[in-house]
Amino acid sequence: MAGGAEPGRVVEALELLLGPPSDGDSAAEPGPERALCPETLRSNAAALEERLARAAGWAALRQLRAAVLARAPALAAGAAGAEPGWAAACGLLALLLCLKERLAALAAAPAVPAAPGEPPPPGADTLSVRQERAVRRALRAAVGLGLLPHLPPGLGPGPGPPPGTRGPRLFAAVAALAELARLPALGAPLLARHLRLLLCGLCGLGHGPAALCQGVSEAERAQCREALRDILDRVYQPLAVQELLVLQGQPKQRCPGAGAAPAWLRRLCGHLLSERLLRPGGVQAVVRGVLEGTDGGAGAEAAALDWRKCDAVGKILAACPQQCLSLEDYYRQVCPQILDLLHIQDKAAARQFQRVATTTLLTMAREQPQLAERHLLQPLLAPLRRCSGAAELALEDLTAGDVLVPEAELGSCVEDVLKVYVVGNDSSSLLLGSLQSVLGVVFSLYSFAKQNVSYLRSPCQDILLWFLEKAEREQSLAVLDGLAGLSSHVPTLHPQCQLRVGSEGGAAIVVEETISDEDEALYQKISLEQCHVESLVELLSHCQKNGLAGDFFIHCLKELTQVAAEDEAAPSPAVEPGGSLLELEQYQARQGRKLLVLQLVAALCEGVSDTVFTDIAQVQRFLAAVLQRACTRPAQGPGAAAEAQTLAMAMGLVAAVLGGAVQLKSSDFAVLKRLVPLLEELSRTYPEPLTRELASDLRVAICTHGACAPGSLGAAAAGVLGRKRGAAAQSPAGTAPGPPAHGESSEERCREPSASPAPAGLQELLLSAYDPQPPSRAAALRRLASLVTQRDPEAIRLQEKLLQVFLENVQHEDAFVYLSAIQGIALLSSEYPERILPVLLAQYERPAQGTEDTMAAVTRMKLGEVLMRVTRALGESVAKHREPLLRAFLRGARDPDGALRASSLSNLGELCQHLGFQLGSIIQEVTCCVTAIARTDPEAEVRRAAVHVVVLLLRGLSEKVTEVLRDVLRDLYRLLKLVAATERDAATVLHAQLALEELDAAVRRVLFPPQTLEKKIVVLP
């Protein structure tokens, strides 16, 4: 290197003073040079002095060394002394200081610019590999000969020299090493290998007792204290923490042969560690210093030790150091750094850092709840609180589309909440209360993620389920009320905020755009409410084991009774003349609440009713709610049939429980006896005589613990459990039980309340399929469908009659009935497609006419569902019926009714997916139809279905896309790009993006086929 003669000469002098390297010179730990006996040290020093005095080219080094020794009288005296070890140490330190002077001068010189096209030259102060090795050896020898033997007791390996000599020598060595540490070229190897011993010397001189520092002035001690802080500030902070911890309590690691750390050293290290902690980034430095090198181990014992260490660090961070001004000031400095630990990107250390952060946060929340909420929980939940209904948004400063919470910030916030609350699993009132304030936003995010493709769905679901599980039952029910919109216990998403799909699979919260079209706004509102109800039911489906779903179901039934009573007590202002506007608004609010409760009950019945109750106590509360409703509001008016059906179902449930469906204990009868007053009141006041009789019989059975079960209980239980007795085979669950069959006495029915009924004949099933009660009709239809599946000979013979029965029941308004009919038609068509499909297609293609247009369109959509199920059941054999099915669906896509157009397109996509490469030339018609609808249809739902056809088509063809769609592939690609760029409906854009991804994957498979490695073995003749 340029001007490198002098540094090279200094390195040569170091090598001459140390002699040839030995095998132990590369060791990491410093110590006395075993290869250098006193005679060798004397001879090497004499050889160096002779070389400096007489050899040509060494004059500059001689002058530089003289200048250095003039500034360090202690080193000059030691180098000229009679003790070989200390003299060699002083000579080495003097030469190292000379090297430091020359390297600093070279570094200050202007750098030589690099030639064009050439890499930049190394710095002028850069040492070669051989020179670096020699410098490291010299540093090791200087520390081992000059620093280590002079450390005071408790810090060094032995007694060492006398106290009057130890102090000045130690200060001279420490001062020289501290000066070397200021130059990066020499400080890096020095601090990397000898930091601990250097800290020992500085601590002993700067902060040790006066007895250990004899011969050292107060100014020199202050200089040591300043050097100690300077080195601790400049070194890698986790390394500084590690070394201070070792000095504080591990004598074997501090220095070989050292005893226990003295009390003053432990206090000093604790003080210095606290200073490291309070620096910017100090929390992460402390955690890294403690945990670096800990990866969990390879066994349960090592993993447990790792977790215990993380918990210990967390508890230490939660304790305020003594030198901190106040607890508030400590929390203000440390809490933001603790939250930063949750965002560590290093996967290997992220788990440990998150554990430390969680433990620290939970400990602070227990010890100082107010400060923890102010400095930890509020910043943690700030992105969610910013857009909650309780927040005050400055709407005058915001415009539609402005981003309130970016995608990255929202995703990070949800993940942090999951780590702290769910993984930390501390159900204190502070944590539950703080989380409750943002549960409405989390639920909106969960509902949004459920309708889209987002990674936020799982963490949001885990957060909601954790809260519902850990909170008190009353609090959980109140939160569910708020999530459902029945109360204001939980602040929901701000009405002016809207969730938007993010580009990285997450979501962002933006200011909602104003919708000018009232119909579109109403549609958006209803869709959002429906989505929230479905999400709530799905959430409750995971809460059935702990009984929360059943309790909320009962709560909704009680709420329904209360709303109905309020509705009866308050007259409608629409009929009352002179009603005020306030009364009208209150009436509308009551009606909206009633509709919401009805929607919730219906969704819960459909989603979780089969396993909603987990014990007899919940069954009792459910029955009490139904019976109380019947006592206060007997069935009357337009909803009388539904009320009577619900009551009959509840009483049949009691009869089934008493009849042996559940194994009852004496404690269960004590619970059921709470129903006796309600049954008694019902037997006296209900207008229907059969219901009064059944209520009286149930009261007798409960009071006698089932010993005497009157005759009506068996038929009621059979109606609920799907069984029959004699002529009452198809008695529905929702009808009042009829009289007992001939040949059965009351005693026989009491003895055998749960006996299995005989199978009904086909003729009775056909008659029951026209029963006025929906449960009985649906049960008969499902039984007929099962006969078709079993290929019953009588059912095969009457298949046309069965088809007529199913088709007539498809038009029924009850979902249970028409879905059972759809299932029956689908099974019948998949078994006998040649006969049944033409009839279905004729019904499907019949245009709606007259005043029944809406009903006819709904029926045609139901038939479309049948055709779709048939398509799935036929599989590849559906190609035989390709032409009529395509013709029917393409005609349906041009229907005036938008819902029917969307349904037909959905069915068309399903058919194309199953046809695959068998589409043939018909693909041109499908493409033209889909393109025209996606571009011109006025309804977003229909355009969405058209794009979805393309998605299903690409999925069905898979690797055959480029072959089958060769002629229309470009048109489809242009259509998808147009939709993705110009469409306003978010769901349609999402479908287009999914289709483009499918197309991209298919084309990539064709252009870049996967390479497979094959091994061929050829047998030679």
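These numbers were taken from a predicted model, which means no experiment stands behind them. (Residues numbered from 1 in each chain as written. Predicted model: local features only at pLDDT ≥ 70, side-chain atom pairs only at ≥ 80, totals over all residues. Heavy atoms only, no water.)

Draft legend 1. How the structure looks around helix 38 (residues 833-845). Compared with the 18 Å implied by 1.5 Å per residue over 13 residues, the 17 Å span of helix 38 between its first and last C-alpha is a close match. Where helix 38 is concerned, the buried positions are Pro-833, Ile-836, Leu-837, Leu-840, Leu-841 and Tyr-844. For helix 38, the buried positions fall inside an angular range of 130 degrees around the axis, keeping them on one side. (Helix = DSSP H or I, 4+ residues; strand = E, 2+ residues; numbered from the N terminus. Expected span 1.5 Å × (residues − 1). Buried < 20%, exposed > 50% of the residue type's maximum accessible area, 1.4 Å probe, protein only. Arc of directions from axis to C-beta.)

Draft legend 2. Structural detail: the confidence of the model for the chain. Overall, the predicted model of the chain reaches an average pLDDT of 77, with 83% of residues at or above 70. Across the chain, element-level confidence peaks in helix 21 (residues 457-470) with a mean pLDDT of 92 and bottoms out in helix 32 (residues 746-751) with 35. A low-confidence stretch, residues 1-5 stays under pLDDT 50, and its non-local contacts, those more than four residues away or across chains, total five contacts. Low pLDDT, under 50, characterises residues 720-760; the stretch is placed with 70 contacts to residues that sit more than four places away or in other chains. (pLDDT = per-residue confidence, 0-100. Contact = heavy atoms within 4.5 Å.)

Draft legend 3. Geometry of helix 29 (residues 676-685). Those residues of helix 29 lying buried are Val-676, Leu-678, Leu-679, Leu-682 and Ser-683. Mapping the buried residues of helix 29 onto a view down its axis gives an arc of 160 degrees, with all of them on the same face. Among the exposed residues of helix 29, those oriented more than 90 degrees off its buried face are Pro-677 and Arg-684.

Draft legend 4. Broad picture of the sheet that holds strand 3 (residues 507-511). Spatial strand order, 1-3-2: three strands in an open sheet with antiparallel pairing. A strand with exactly one partner marks an edge of an open sheet, and here the two such strands are strand 1 (403-405) and strand 2 (497-501). Adjacent strand axes in the sheet meet at a mean angle of 45 degrees when their direction is disregarded. Bridge count between strand 1 and strand 3: two bridges; the pairing is antiparallel. Residue pairing in the sheet places Val-403 in a bridge with Val-510 of strand 3. (Pairing = 2+ DSSP bridges. Axes fitted to C-alpha atoms, helices over the stretch in contact; angles between N-to-C directions.)

Draft legend 5. Inspection of a nonpolar patch on the surface at higher detail. A contiguous nonpolar surface patch, about 330 Å² in accessible area, is contributed by Val-1006, Leu-1007 and Phe-1008. Here Phe-1008 is to be found in the segment after helix 46 (986-1007). (Patch = residues over 30% accessible without salt bridge, like charges linked within 9 Å, V, L, I, M, F, W, Y side chains within 5 Å. Areas by Shrake-Rupley, 256 points an atom, 1.4 Å probe, with all protein chains shown as cover. Salt bridge = Lys/Arg side-chain N within 4 Å of Asp/Glu carboxyl O.)

Draft legend 6. View of a negative patch on the surface. A contiguous patch of negative charge on the surface is contributed by Asp-517, Glu-518, Asp-519 and Glu-520. Topologically, Asp-517 is positioned in the loop between strand 3 and helix 23 (518-540). The class for Asp-517 is partly exposed, based on a relative accessible area of 41%. (Lys, Arg positive; Asp, Glu negative; His and termini not counted. Charge placed at Lys NZ, Arg CZ, Asp CG, Glu CD.)

Draft legend 7. Broad picture of the pattern of salt bridges. Counted by the stated rule, this structure contains 25 salt bridges. Arg-9 is the partner of Glu-12 in a salt bridge, and the nearest nitrogen-oxygen pair spans 3.4 Å. With Glu-12 and Arg-9 both in helix 1 (residues 5-18), this residue pair falls three residues apart, about one helical turn. For Arg-457, the salt bridge identified is with Glu-538, shortest N-O distance 2.4 Å. Remark: Glu-538 occurs in helix 23 and Arg-457 occurs in helix 21; sequence separation between them is 81 residues. Classification of Arg-457 as partly exposed rests on a relative accessible area of 29%. Taking the relative accessible area as the measure of exposure, Glu-538 reaches 22% and is therefore partly exposed. Among the ionic contacts, a cluster of salt bridges with common partners joins Glu-328, Asp-329, Arg-332 and Arg-374.

Draft legend 8. Spatial organisation of the packing of helix 3 (residues 59-71) against helix 5 (residues 84-108). Two elements in contact, helix 3 and helix 5, have axes whose closest approach is 9 Å; the angle formed by their N-to-C orientations is 110 degrees. On the basis of the axis angle, helix 3 is roughly perpendicular to helix 5. Residues Leu-61, Leu-64, Arg-65, Val-68, Leu-69 and Arg-71 of helix 3 form the contact with helix 5, whose participating residues are Ala-94, Leu-95, Leu-97, Cys-98, Glu-101 and Arg-102. Residue composition of the contact of helix 3 with helix 5, grouped by class: eight nonpolar, no polar and four charged. (Parallel < 35°, antiparallel > 145°, perpendicular 65-115°, else oblique. Nonpolar A, V, L, I, M, F, W, Y, C, P; charged D, E, K, R; others polar.)

Draft legend 9. Quick peek at the packing of aromatic side chains. This structure, assessed with the given rule, holds three aromatic pairs. For the pair Tyr-421 and Trp-466, a centre-to-centre distance of 6.2 Å together with 70 degrees between the ring planes defines the contact as edge-to-face. Taken as a pair, Tyr-421 in helix 18 (residues 407-423) and Trp-466 in helix 21 lie far apart in primary sequence, 45 residues in all. When its relative accessible area of 0% is taken as the criterion, Tyr-421 is described as buried. With 6.4 Å between their ring centres and 40 degrees between their planes, Phe-443 and Tyr-446 make a pair best called tilted. Separated by three residues within a single helix, Phe-443 and Tyr-446 lie in helix 20 (residues 439-451), roughly one turn from each other. (Phe/Tyr/Trp six-rings, centres within 6.5 Å; stacked < 30°, edge-to-face > 60°.)

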